[in-house]
Amino acid sequence: MAQGRGGIRGARIGSGPMGESERGELAPRTAVSFWCGNGHRTQITFAVEAAVPPTWDCRNCGLPAGPDPDDVPVAQGSAPYRTHLGYVRQRRSQEDGEILLNEALAKLRGTI
Ligand SMILES: [Zn+2]
């Protein structure tokens, strides 16, 4: 797994509290594998302190992939690639959560 230094760098800018080297030799890393509904495995390397997303788009076919091969995210409909609507649906619950969070914050601030 020493190879795979792909074209996409997933580093979050400005998240390193200690200004860690961008080279990656010093920062501890962990490889996380995501499986899509077609059985493809996409391995992503994250810094250990980075938040690992619950899903990742398969590099082979674009389907949503999850870290558990026995519980892969189910793509809506039959389209192999996610439609824009698919992304909206995927985000829906997260947005609902954000709305609740914002309401809670607003209450704390006394604006409701
Ligand atoms: Zn795939």
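Since the structure is predicted, the reported quantities are computational estimates derived from the model, not experimental observations.

So, the UniProt feature "binding site: Zn(2+)" (unreviewed entry) in the protein chain
Reasoning step 1: Taking the numbering used here, the UniProt-annotated feature "binding site: Zn(2+)" (unreviewed entry) corresponds to Cys36, His40, Cys58 and Cys61. These annotated residues cover 26 residues of sequence, but their C-alpha atoms sit close together, with the largest distance between any two at 8.5 Å.
Reasoning step 2: In this structure, Cys58 sits in the loop between β3 (56–57) and β4 (64–66).
Reasoning step 3: What Cys58 contacts, discounting residues up to four positions off in sequence, is Cys36, His40, Thr42, Leu63 and Ala65.
Reasoning step 4: As for its placement among the helices and strands, Cys61 is situated in the loop between β3 and β4.
Reasoning step 5: Using a relative accessible area of 10% as the deciding quantity, one classes Cys61 as buried.

Here we look at the sheet that holds strand β1 (residues 29–36)
Reasoning step 1: Read across the open sheet, the four strands follow the order β2-β1-β4-β3; overall the sheet is antiparallel. In this open sheet, the two edge strands, each paired with only one partner strand, are β2 (41–47) and β3.

Side note on the nonpolar core
Reasoning step 1: Val32, Phe34, Cys36, Ile44, Phe46, Cys58, Cys61, Leu63 and Ala65 form the largest nonpolar core, which has nine residues in total.
Reasoning step 2: Those elements giving two or more residues to this core turn out to be β1 and β2.
Reasoning step 3: Here this core takes three residues from β1, the largest share from any one element.
Reasoning step 4: If sequence neighbours within four positions are ignored, Ile44 has contacts with Thr30, Ala31, Val32, Phe34, Trp56 and Arg59.

As for the pairing of β2
Reasoning step 1: Of the two faces of β2, the one holding Thr42, Ile44 and Phe46 is buried and the one holding Arg41, Gln43, Thr45 and Ala47 is not buried anywhere.
Reasoning step 2: Both β1 and β2 contribute to a ladder of seven bridges, which runs antiparallel. Residue pairing for β2: Ser33 is matched across the bridge by Gln43.
Reasoning step 3: As consecutive antiparallel partners, β1 and β2 are separated by four residues, and within that stretch Gly39 has a phi angle of approximately 85°, a positive value.

Let's talk about the packing of aromatic side chains
Reasoning step 1: On inspection of all chains with the given rule, the structure shows three aromatic pairs.
Reasoning step 2: Judged by centre distance (6.5 Å) and plane angle (75°), the rings of Phe34 and Phe46 are edge-to-face. Remark: Phe46 occurs in strand β2 and Phe34 occurs in strand β1; sequence separation between them is twelve residues.
Reasoning step 3: Residue classification places Phe34 among the buried residues on the basis of a relative accessible area of 0%.
Reasoning step 4: The class for Phe46 is buried, based on a relative accessible area of 9%.
Reasoning step 5: A ring pair is formed by Phe46 and Trp56, whose centres lie 5.7 Å apart and whose planes are at 80°; its orientation type is edge-to-face. Residue Phe46 is found in strand β2, and its partner Trp56 is found in strand β3; the two are separated by ten residues along the sequence.
Reasoning step 6: Each residue in the set Phe34, Phe46 and Trp56 is aromatic and connected to the rest through ring pairs, giving one cluster.

Things to note about the pairing of β1
Reasoning step 1: Pairing between β1 and β4: two bridges, direction antiparallel. Its bridge partner being in β4, Trp35 is matched across the sheet by Gly66.

So, how was this worked out
- Residues numbered from 1 in each chain as written.
- Predicted model: local features only at pLDDT ≥ 70, side-chain atom pairs only at ≥ 80, totals over all residues.
- Heavy atoms only, no water.
- UniProt positions renumbered as here; feature names shortened; annotations may be inferred.
- Helix = DSSP H or I, 4+ residues; strand = E, 2+ residues; numbered from the N terminus.
- Contact = heavy atoms within 4.5 Å.
- Buried < 20%, exposed > 50% of the residue type's maximum accessible area, 1.4 Å probe, protein only.
- Pairing = 2+ DSSP bridges.
- Core = buried A, V, L, I, M, F, W, Y, C linked by side-chain atoms within 4.5 Å.
- Phe/Tyr/Trp six-rings, centres within 6.5 Å; stacked < 30°, edge-to-face > 60°.

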